[in-house]
Amino acid sequence: MNMILVRLAAVVLVLALLSSAPAPVVKAQSNQLVVNGFGGEYEDIFKKTLKEPFERQFNARILFDPTGSASEDYAKIRATRGDPGWDVVVMTAPEAILGCREKLLQPMTEANIPNLKQLYPEVQNAVAPCGAVQEIQYMSLMYNTNSVRPAPDSWKVFWDPRYKGHIIIPDIGSILAVYFLIMASYAYGGDEKNIDPGFDAIARLKPNVTAIILSSSAMIPYVEREEVWLLPYWDGRAHYYRGRGLPVDFVIPKEGSIFLLGALSVPMGAKNKALAYKFIDWWLSAEVQRKWAMAYTVGSARGGLSFPTEHRQAHISSIAQVRKFKSVDPLFIGEKRSDWAERWKKVIAR
Amino acid sequence: MEEGDRALRPAWRERRLPAVLVLLAPSLIYLLVLFFVPLGILAAVSVLKFHNGLIVRELTLEHYVKFLTDPFYLGIMWNTLRVALIVSAVTTLLGYPVAYVLARTRSRWKGLLIALVLAPELSGVVLRTYGWLVILEDRGVINTLLRSWGVIAEPIRLVHNYTGVIIGLSHVLLPFAILALMASIQAIDPTLEQAAMNLGAGRVRTFLRITLPLSAPGVLGAFFLTFSLSASAYATPAILGGKGVEVMATMIYTQLLYILNWPFAAALSVALMAVVLVTMFASARLVGRMSGVFQ
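Residues numbered from 1 in each chain as written. Chains lettered and ligands numbered in written order. Predicted model: local features only at pLDDT ≥ 70, side-chain atom pairs only at ≥ 80, totals over all residues. Heavy atoms only, no water.

**Student:** Lay out the overall build of chain B with the relevant residues and their values.
**Tutor:** In terms of helices and strands, chain B carries 13 helices and two strands. Seen along its three principal axes, the alpha-carbon backbone of chain B occupies a region of about 70 × 65 × 35 Å. Counting over 295 residues, chain B shows a buried share of 39%. A fraction of 68% describes how many contacts in chain B between residues 6 or more apart in sequence connect residues 24 or more apart. (Helix = DSSP H or I, 4+ residues; strand = E, 2+ residues; numbered from the N terminus. Buried < 20%, exposed > 50% of the residue type's maximum accessible area, 1.4 Å probe, protein only. Contact = heavy atoms within 4.5 Å.)

As structure tokens, this is what we get:
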């Protein structure tokens, strides 16, 4: 009797530990598209702005997989040798570029996706041929409007002793941390090629930092409790949380910042490439680009879209704005990332 | 008696061995395909070159050399083992009295009590760990209470350091220790304890001379189970660690899923597995010798 109880308990224990559910196995159909994106509010916005209209217009069915960050998605593509079970995957420039170098993502052409030629060439070329830029975000300086006064205008505000203990910085695994490191370098006399001032600045900042967090969404609870007042954050998400009533605002400091290109890609092993191209082309069309940029509060790489003034000022919506940002070669970042990560970890551990 | 034993054993083996193989076959095949083959792949990836962000098909031992010669990575291994040792000691010590009560109670609520011990496992490790964050952080429950009572002026750092990781892991792993200990204490015949007491041994002496030595396999099992689980734990150190806290699992995770340096991640995994295995074998032998002293 008792042994049965113990065994039962052990089974319950094991079941409770098996928390990750397997991905659904999907049989390919000509009108069915499996799209991998992100969870949380992204999923809701995707559903309303893209999934439902596309399904109606093209008599298709989209299965949306919200799991994984961009680099986790890429890890899955690599682990499955280009066949993760998705037809379209939403990632960012670094993964799209790496995917081409590792021949795991399908190169795309203007013949497949005519709307590619409507994007700013200097933006689209950065991720071509395996990525299509569906949005542009940038690293903004997000701050608590109750506690940080006056509004900050420099990245150096992070090193202001008044804000000690109210700072979050991302962990080096995330591209946000790489950008923060580079901008710290710019703020203190260096740049991405001369990164030493950046690492020196991070070493000085470490005692002032509350937490170092890998996932940007995990930073928000600290911001909600107003425990953290300063953090680097993507403009689109900062806008979203400001809109939800958090006492925050976001700025581009005077030293500038770096933008992050969103990228749509088709894995080599995609079952329904024809519909994948159709979906990407539709997403890049003027009307959908405008709707997506408004709904997800991000910038667009397509010119000639009309946005309300507030949106135009807060997000990238013209090539002139694009050029105001630091142009950091994503390929260069890709090559340096592993070394920088090691150096960062050593600085933080010291 | 001993002679009879020797005479019996070969016959026992002859008759039962095929049956044993048949019974073992499913799990052996399962392990072979889903455990040893992937481990082989892991080992193979760990000797590939990584250059400028790409995995190159060229054999190298540079990742192992880096791990073994860089004090930073050796330090992370040491942190991991230190946390695992403390956590397994804490959970085994805390789990023993609970397991003893559960094993010996005749209460009709026994089932409920066991369910209560296991209840935390139902909520998932990530959720529970966030719960600890709310309790332990600077503006969390503990620090707020202590400050309002005037016990402390500045918050005590209970989280974003190894203290937080050890608290969180001990909670997560306590049910494992209790289950392992309970099974072993339950197997001890209570009449042995009664006999000791009849012969004049006090409760403490009975426990030290009878119960504890007989439950040694359970203590060992609980210790090793929680040791290996905490040495490989990811979620708790990732959430409660934060600033400057790095263990092997968090480092492997970052290398694998974010830096995408798979060869180095694989080498770190192989190193972690090797060290955990060696530690476990070594301490099993040590404890085996020590428990020999008891008998």
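**Student:** Mind laying out the domain arrangement of chain B, listing which residues take part and the relevant values?
**Tutor:** Residues and elements named next belong to chain B. By domain assignment, chain B separates into domain 1 (15-59) and domain 2 (62-294). Between the C-alpha centres of domain 1 and domain 2 the distance comes to 28 Å. Counting residues at the interface gives ten residues for domain 1, matched by 13 residues for domain 2. Both sides of the domain 1 and domain 2 interface together cover about 880 Å² of buried area, and 73% of this is carbon and sulfur. Contact with domain 2 buries surface across domain 1, with Leu42, Ser46 and Phe50 losing the most and accounting together for 55% of the total. Where domain 1 packs against domain 2, one counts one salt bridge. Lys49 is paired through a salt bridge with Glu62; the nearest N and O atoms lie 3.4 Å apart. Applying the counting criterion to the domain 1 and domain 2 interface returns three residue pairs in polar contact (both at pLDDT 80 or more). Within the residue set of the side of domain 1 that touches domain 2, elements represented by two or more residues are helix H1 (2-45) and strand E1 (48-51). In terms of residues, the side of domain 1 that touches domain 2 owes the most to one element, H1, which gives four residues. Its residues assigned to classes, the side of domain 1 that touches domain 2 shows eight nonpolar, one polar and one charged. (Domains from an automatic or database assignment. Buried area = accessible area lost by both parts, 1.4 Å probe. Salt bridge = Lys/Arg side-chain N within 4 Å of Asp/Glu carboxyl O. Polar contact = N/O pair within 3.5 Å; in protein donor to acceptor, adjacent residues only side chain to side chain. Nonpolar A, V, L, I, M, F, W, Y, C, P; charged D, E, K, R; others polar.)

**Student:** Give me the lowdown on helix H11 (residues 286-296) of chain A, citing residues and values where you can.
**Tutor:** Residues and elements named next belong to chain A. Of the positions making up H11, those classed as buried are Val288, Gln289, Trp292, Ala293 and Tyr296. Each buried residue of H11 lies within a common arc of 130 degrees when the element is viewed along its axis, so the set occupies one face. Each element contacted by the buried residues of H11 is listed here: helix H2 (41-58), strand E4 (136-144), helix H9 (235-243), helix H10 (273-283) and helix H12 (309-314). Immediately downstream of H11, the backbone of Thr297 shows phi near 50 degrees, a positive value. (Arc of directions from axis to C-beta.)

**Student:** Break down the confidence of the model for chain B for me, with residues and values.
**Tutor:** On average, residues of chain B carry a pLDDT of 88, and 92% of them reach 70 or more. Across the interface, the model reports ipTM at 0.77; the global pTM reads 0.82. (pLDDT = per-residue confidence, 0-100.)

**Student:** I'd love a proper account of the interface of chain A and chain B, names of residues and values included.
**Tutor:** When the parts of a complex come together, some accessible area is lost, and that lost area is often used as the size of the interface. Across the contact, 47 residues belong to chain A and 42 residues belong to chain B. Together chain A and chain B conceal approximately 3,800 Å² of surface at their shared face, both sides included; 63% is due to carbon and sulfur atoms. Where chain A meets chain B, there are four salt bridges. Here chain A and chain B share eleven residue pairs in polar contact (both at pLDDT 80 or more) between them. Looking at the side of chain A that touches chain B, the elements that each hand over two or more residues are helix H1 (2-17), helix H3 (70-79), helix H4 (93-101), strand E6 (209-213) and helix H14 (330-349) of chain A. Considered class by class, the residues forming the side of chain A that touches chain B number 24 nonpolar, nine polar and 14 charged.

**Student:** Help me get a handle on unusual backbone geometry, residues and values and all.
**Tutor:** Residues and elements named next belong to chain A. Cis geometry marks the peptide bond from Ala128 to Pro129, where omega comes out at 0 degrees. Secondary-structure assignment places Pro129 in the loop between helix H5 (121-124) and E4. With an omega of -5 degrees, the peptide bond between Arg149 and Pro150 qualifies as cis. Examined against the element boundaries, Pro150 turns out to sit in the loop between E4 and strand E5 (167-170). Although it is not a glycine, Lys103 sits at a positive phi angle of roughly 55 degrees. Tracing the backbone through its elements, the reader meets Lys103 in the loop between H4 and H5.

**Student:** Just give me the short version of the state of the cysteines, but keep the residues and values in it.
**Tutor:** Residues and elements named next belong to chain A. Scanning all chains against the criterion turns up one disulfide over all chains. A sulfur-sulfur separation of 1.8 Å characterises the disulfide bridge that pairs Cys100 with Cys130. Disulfide Cys100 to Cys130: torsion about the S-S bond roughly 80 degrees, handedness right-handed. One end of the pair, Cys100, is in helix H4; the other, Cys130, is in the loop between H5 and E4, with 30 residues separating them in the sequence. Residue classification places Cys130 among the buried residues on the basis of a relative accessible area of 0%. (Disulfide = S-S within 2.5 Å.)

**Student:** Outline a nonpolar patch on the surface, listing residues and values.
**Tutor:** All names here are of chain B. Taken together, Ile29, Tyr30, Leu31, Leu32, Val33, Leu34, Phe35 and Phe36 make up a surface patch of nonpolar side chains, about 820 Å² in accessible area. When you line up the elements, Leu31 lands in helix H1. Taking relative accessible area as the criterion, Leu31 reaches 36% and is therefore assigned partly exposed. (Patch = residues over 30% accessible without salt bridge, like charges linked within 9 Å, V, L, I, M, F, W, Y side chains within 5 Å. Areas by Shrake-Rupley, 256 points an atom, 1.4 Å probe, with all protein chains shown as cover.)

**Student:** Now, about the confidence of the model for chain A: what can you tell me, with residues and values included?
**Tutor:** The predicted model of chain A has a mean per-residue pLDDT of 90, with 92% of residues at 70 or higher. Confidence drops under a pLDDT of 50 for residues 11-26 of chain A, and excluding neighbours within four residues, the segment shows 14 contacts in the predicted structure.

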